[in-house]
Amino acid sequence: MKLQLALDEMKTEEAVKLVEKVEDYIDIIEIGTPICLDAGNDAVARLKKEFPDKEVLADCKIMDGGYLEAENAIKAGADYVTVCAAADILTVKGAFKATQDYGKKLVVDMITIADIPAKVAELEEIGVDVIAVHTGADAQAVGREPINDLKVMKECSKKAAIAVAGGISSKTIEKYVALNPEIVIVGSAIGNAEDPVAEAKAIKEDFCLLYTSDAADDLTRVDL
C-alpha cells in the first residue's frame, strides 16, 4: 500500500515546504487540481525536480484532449496522470495511450459516478492502471465519505489497482486499510494539521502495522 499526499490548498512553494517535512512518510506526491490550475505543469516539474525519488501524480482531472493533456503532464515529470471517469470514453482511451507510450500510469477518478460496477468493468476492459474512489470536498462538507464506494469498488474490480480519497485521516485510516486499497490519498488531514509530520507518521505507521500484522495470512498485501 502507498500513501499519497494530495497538495491542494496551497501555492507551489508551500507545497515544496510541506513535502520536505513529511517526505519520509509518503510515497506519491499529488499535485492537486487547484495547484494544476494555478501553476500548471510548472508545479509538476518543480516537485519532481525537488523530490526525484518520489512518484509524482498530476491531478489534471482530464475531461477532453486526453492524449495531449496527459502527454504534457508526463513531459513535465508526472508518473501518474488523472482523467475523470465521467469524460467521454475516447478521452480516457487517449489519456491511457499517452501513459502507455511514455511508460507511466493512468488514474481514473470516479468522482460523481453512480453506477460503479458498470464503469469499473468498462475501464478494466480498456486496461487502465488505477481507479480512484473519490468523495470530493463539496460532498465531504455535507457529511459524505468514500468508505461505502470503496467497498463496492473492491467487490467489483478484478484487475486495476484501487485508490481512495475523501477526508481520510489518522482517526479514520484503519477502516480504509481493512478494505485493502493499493493507494490511500490524504490531503487536508496532513496539510492543515497542527503537526503535519506527526499526522503523516501516524497514518503511515497505522497502515504499516495493520498490513504487517496480516502478513502471515497474505504476504502479497504488503507493498510499502
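Residue positions are given per chain, counted from 1 along the sequence in the order it is written. Local features in this predicted model are restricted to residues of pLDDT 70 or higher, and side-chain atom pairs are both shown and tallied only at a pLDDT of 80 or more, whereas totals for entire chains, interfaces and linings draw on every residue. The side-chain numbers reported here are obtained from all heavy atoms of the structure, hydrogens and water having been left aside.

Visitor: Explain the overall build of the protein chain to me, please; I cannot follow it from the model alone.
Guide: Each helix is a run of H or I in the DSSP string that is no shorter than four residues. Each strand is a run of E no shorter than two, and both are numbered from the N terminus. Regarding its fold elements, the protein chain presents 11 helices and eight strands. Radius of gyration (C-alpha) of the protein chain: 16 Å, near the 17 Å computed for a compact globule of 224 residues. Judged by the C-alpha coordinates and their principal axes, the protein chain covers about 40 × 40 × 35 Å. With the model as given, the accessible surface of the protein chain reaches about 10,600 Å², and the carbon-plus-sulfur share is 49%. When charges are counted, Lys and Arg are positive and Asp and Glu negative, with His and the chain ends excluded. Note that the charge is assigned to NZ on lysines, CZ on arginines, CG on aspartates and CD on glutamates. For the protein chain, the centre of its 25 positive side-chain charges and the centre of its 42 negative side-chain charges are spaced 2 Å apart. Values of the radius of gyration come from C-alpha atoms, whereas the globule rule sets the reference at 2.2 Å times the count of residues to the power 0.38. Computed with a 1.4 Å probe, the accessible areas rest on the Shrake-Rupley method; for each residue, only the protein chains presented here act as cover.

Visitor: Quick question: what am I supposed to make of the environment of Val108 here?
Guide: Relative to the helices and strands, Val108 resides in strand E5 (residues 105–109). Since its relative accessible area comes to 0%, Val108 is described here as buried. Whether two residues are in contact is decided by their heavy atoms: any pair within 4.5 Å suffices. Not counting residues within four places of it along the chain, the set of residues in contact with Val108 comprises Val83, Cys84, Ala85, Val92, Leu123, Val128, Val130, Ile131 and Ala132. Buried means the residue's accessible area, taken with a 1.4 Å probe over protein chains only, is under 20% of the maximum for its type, while exposed means over 50%, and partly exposed covers the values in between.

Visitor: What is the right way to look at the packing of helix H4 (residues 66–76) against helix H5 (residues 89–102) in this model?
Guide: For any two helices packed against each other, the geometry is given by the interaxial angle and the distance between the axes. Think of each axis as a best-fit line through the C-alpha atoms, taken over the contacting stretch in the case of a helix, with angles from 0 to 180 degrees between the N-to-C directions. Where H4 meets H5, the closest approach of the two axes is 7 Å, and the angle between their N-to-C directions is 35°. As H4 runs across H5, the sense of the crossing is right-handed. Residues Gly66, Tyr67, Ala70, Glu71, Ile74 and Lys75 of H4 touch H5, and the partners they reach there are Thr91, Gly94, Ala95, Lys97, Ala98, Thr99, Asp101 and Tyr102. Grouping the amino acids of the contact of H4 with H5 by side-chain chemistry returns six nonpolar, four polar and four charged. Should the near helix be turned anticlockwise from the far one by less than a right angle, the crossing is left-handed, and should it be turned clockwise, the crossing is right-handed. By the convention adopted, Pro, Cys, Tyr, Trp, Phe, Met, Ile, Leu, Val and Ala count as nonpolar, Lys, Arg, Asp and Glu as charged, and the other residues, Gly among them, as polar.

Visitor: When you look at the pairing of strand E3 (residues 55–62) in this model, what are you seeing that I'm missing?
Guide: Regular strands have side chains that alternate between both faces of the sheet. Across four bridges, the pairing between strand E2 (residues 28–31) and E3 is parallel. Bridge pairing links Ile28 to Glu55 in E3. We call two strands paired when DSSP finds no fewer than two bridges between them. Summarising the sheet, E3 and strand E4 (residues 80–84) pair through three bridges and their orientation is parallel. Pairing of Ile62 across the sheet is with Val83, part of E4. Read as a crossover between parallel neighbours, the route from E3 over H4 to E4 is right-handed. By convention, a crossover is right-handed whenever its connection, traced from the first strand over the helix to the second and viewed with the strands pointing away, goes clockwise.

Visitor: How do you make sense of the nonpolar core when you look at a structure like this?
Guide: A general tendency of soluble globular proteins is for nonpolar side chains to be buried together. Remark: nonpolar core denotes a set of buried residues (Ala, Val, Leu, Ile, Met, Phe, Trp, Tyr, Cys) joined through side-chain atoms within 4.5 Å. With 65 residues, the main nonpolar core has Leu7, Ile29, Ile31, Met110, Val128 and Ile131 as its most contacted residues. It is helix H1 (residues 12–22) that provides the largest number of residues to this core, a total of five residues. Residues within four places of Val128 in sequence aside, it is in contact with Val92, Phe96, Leu106, Val108, Leu123 and Ala160. Of all hydrophobic cores here, the second largest spans 11 residues; its members include Val107, Val130, Ala132 and Ala163.

Visitor: Any chance you could explain the sheet that holds E4 here in plain terms?
Guide: Strand pairing in a sheet is mediated by backbone hydrogen bonds. Such pairs are either parallel or antiparallel. The eight strands are arranged E1-E2-E3-E4-E5-E6-E7-E8 in a closed barrel whose pairing can be described as parallel. Taking each pair of neighbouring strands and ignoring which way they run, the sheet shows an average axis angle of 25°. Two strands pair when backbone bridges link them, and E5 and strand E6 (residues 130–134) are joined in this way by three bridges, in the parallel orientation. Residue pairing for E6: Asp109 is matched across the bridge by Ala132. Most of the contacts of H4 go to E3, to which it runs at about 155°, and overall it touches E3 and E4. Where helix H8 (residues 147–156) meets the sheet, it contacts E6 and strand E7 (161–165), and its direction lies at approximately 155° from that of E6.

Visitor: Explanation requested: the pairing of E5 in the structure shown.
Guide: For E5, a buried count of four out of five residues is recorded, marking the element as mostly surrounded by other parts of the structure. Note: E4 against E5, five bridges, orientation parallel. In the sheet register, Thr82 faces E5, and the bridge partner there is Val107. With H5 bridging E4 and its parallel neighbour E5, the resulting β-α-β unit is right-handed. For the crossover that starts at E5, traverses helix H6 (residues 116–126) and ends in the parallel E6, the hand is right-handed.

Visitor: Quick question: what am I supposed to make of the pattern of salt bridges here?
Guide: For side chains bearing opposite charge, pairing can occur when the charged atoms are close. Salt bridges are counted wherever a side-chain nitrogen of Lys or Arg sits within 4 Å of a carboxyl oxygen of Asp or Glu. The full count for this structure, using the stated rule, is 13 salt bridges. For Lys204, the salt bridge identified is with Asp27, shortest N-O distance 2.7 Å. Here Lys204, found in helix H11 (residues 196–213), pairs with Asp27, found in the loop between H1 and E2; they are 177 residues apart in sequence, far enough to count as distant. Neither residue differs from the other here; Lys204 and Asp27 are each classed as buried.

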